[in-house]
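Residue-level structure breakdown
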Amino acid sequence: FHDRDGVIWFDGKLVPWRDAKVHVLTHGLHYGSSVFEGERIYSGRIFKSREHSQRLIRSGEILGMKIPYTAEQIDAAKEETCKAMNLTNGYIRPVAWRGSEMMGVSAQKNTIHLAIAVWEWPSYFSPEARMKGIALQWSKWRRPAPDTAPTAAKAAGLYMICTMSKHAAEQDGFQDALMLDYRGQVAEATGANFFMVKDGAIHTPTPDCFLDGITRRTVIDLAKRRGYTLVERAIFPEELAGASEIFLTGTAAEVTPVGRIGDLTFTPGEVCKTLMTDYDDLVNGRLTLAQAAE
Ligand code: PMP
């Protein structure tokens, strides 16, 4: 991914894509002091840009890293990068990390850096897999408790078990993995939140040890606008057998139906299809947030 034309916003300047490098003794690389965002631009507008910038700053604060830019400045930097890259539909990746001045677990004075890269990324899962619903493998890893890891932050270190889970799933012919939490409750996929339709209502786990996704909250608003009953609660894996539909939400995944979890199969249904269309209308400006929040 490093060998491309274009520019990356790096500590306040646009630099050639191939020159956006860090030193090997970067604290973020050795000790996981790194936080990031994933956002999308649709029809020339960054969806919920301010919320993502604020979440990035908050993730940094949770890790004790003060990102040296305001949400307004980060918003402007994202716009600048998209313009420079001529990107009107694609993905935006801001990342902040602790630099390389001092080496060791403690590096209190190291500079906090910020970079923003953008690229075209039409679909997280292949369109064919999305149509029939993606296949999820149960992960052998569990989301940690909030007093074991900074679970409210979008922190790089929390993705170690996500990559391991997703690699295992892909090697076994699945598209992604579904993770339980430390209590054995259904938590989330490796980069997307979980929803289940059962007995006419939509159920989603309470986000008390995993990311409360911006897409998750948006889809909850869209579901309520449609008059669906929405329940946030603890969901146990045994309950999945009785579900009529399962879907995932996330910036990259958008709204993606699930066709299989381990040995269980599901068929993408009306609720998921309705929310996929509403989400698409919302992000592309054919439906406004005020209408969505009604
Ligand atoms: N959980 C994890 C682990 C994620 O990486 C993501 C993607 N950022 C989400 C949930 C969904 O969050 P959002 O809707 O804000 O993209």
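Scroll up to find the structure this text is about.
None of these values were measured; they are calculated from a predicted model.

**Side note on the overall build of the protein chain**
On a plain count of helices and strands, the protein chain comes out with eight helices and 16 strands. In terms of overall size, the protein chain behaves like a compact globule, its C-alpha atoms giving a radius of gyration of 19 Å where 294 residues would be expected to give roughly 19 Å. Along the longest, intermediate and shortest principal axes, the C-alpha atoms of the protein chain span 55 × 40 × 35 Å. Within the span of the protein chain, comprising 294 residues, buried residues form 40% of the whole. Counted over contacts in the protein chain with a minimum sequence separation of 6, partners at least 24 positions apart contribute 68%.

**A word on the packing of helix α6 (residues 214-225) against helix α7 (residues 270-283)**
Relative placement of two packed helices is described by the angle separating their axes and the distance separating the axes. Where α6 meets α7, the axes come as close as 10 Å, and the angle between the chain directions of the two elements is 110°. Taken together, α6 and α7 sit at an angle that is classed as roughly perpendicular. Classified by chirality, the crossing of α7 by α6 is right-handed. For the pair formed by α6 and α7, the contact residues are Thr-218, Val-219, Leu-222 and Ala-223 on the first element and Leu-275, Asp-278, Tyr-279 and Leu-282 on the second. Each residue belonging to the contact of α6 with α7 can be placed in one class, and the counts come to six nonpolar, one polar and one charged.

**Focus: the site of the ligand**
Neighbouring the ligand are 14 residues; Gly-213, Ile-214, Thr-215, Gly-250 and Thr-251 lie closest to it. Counting only elements with at least two residues in the shell around the ligand, the list comes to α6 and β14 (245-250). Per-class residue counts for the shell around the ligand are four nonpolar, eight polar and two charged.

**Side note on the nonpolar core**
In this structure, Leu-136, Leu-178, Val-258, Leu-275 and Tyr-279 are the most contacted members of the largest nonpolar core, which totals 43 residues. Looking at this core element by element, the count peaks at seven residues for α7. Other than its neighbours up to four places away in sequence, Tyr-279 contacts Val-219, Leu-222, Glu-254 and Val-255. In this structure, Val-35, Leu-56, Ile-112 and Leu-158 belong to the second largest nonpolar core, which totals 15 residues.

**What about helix α2 (residues 49-62)?**
When the terminal C-alpha atoms of α2 are compared, their 20 Å separation across 14 residues agrees well with the 20 Å that a helix rising 1.5 Å per residue should span. Listed as buried for α2 are His-52, Ser-53, Arg-55, Leu-56, Ile-57, Ser-59 and Gly-60. Packed against the buried residues of α2 are β3 (34-36), β4 (39-42), α3 (71-84), β6 (90-98) and α6. Remark: Gly-64 follows α2 within two positions and exhibits a positive phi of approximately 75°.

**Details of unusual backbone geometry**
The backbone of Asp-11 sits at a positive phi, close to 50°, despite the residue not being glycine. Locating Asp-11 in the fold gives a position in the loop between β1 (7-10) and β2 (13-16). On the basis of neighbour counts, which here come to 14 C-beta atoms within 10 Å, the residue Asp-11 falls in the partly exposed class. We note that Asp-199 has phi near 50°; this positive angle belongs to a residue other than glycine.

Calculation rules
- Residues numbered from 1 in each chain as written.
- Predicted model: local features only at pLDDT ≥ 70, side-chain atom pairs only at ≥ 80, totals over all residues.
- Helix = DSSP H or I, 4+ residues; strand = E, 2+ residues; numbered from the N terminus.
- Rg over C-alpha atoms; globule rule 2.2 N^0.38 Å.
- Buried ≥ 20, exposed ≤ 12 C-beta atoms within 10 Å, placed from the backbone.
- Contact = placed C-beta atoms within 7 Å.
- Axes fitted to C-alpha atoms, helices over the stretch in contact; angles between N-to-C directions.
- Parallel < 35°, antiparallel > 145°, perpendicular 65-115°, else oblique.
- Left-handed = near helix turned anticlockwise from the far one by under 90°.
- Nonpolar A, V, L, I, M, F, W, Y, C, P; charged D, E, K, R; others polar.
- Near = placed C-beta within 6 Å.
- Core = buried A, V, L, I, M, F, W, Y, C linked by C-beta atoms within 7 Å.
- Expected span 1.5 Å × (residues − 1).

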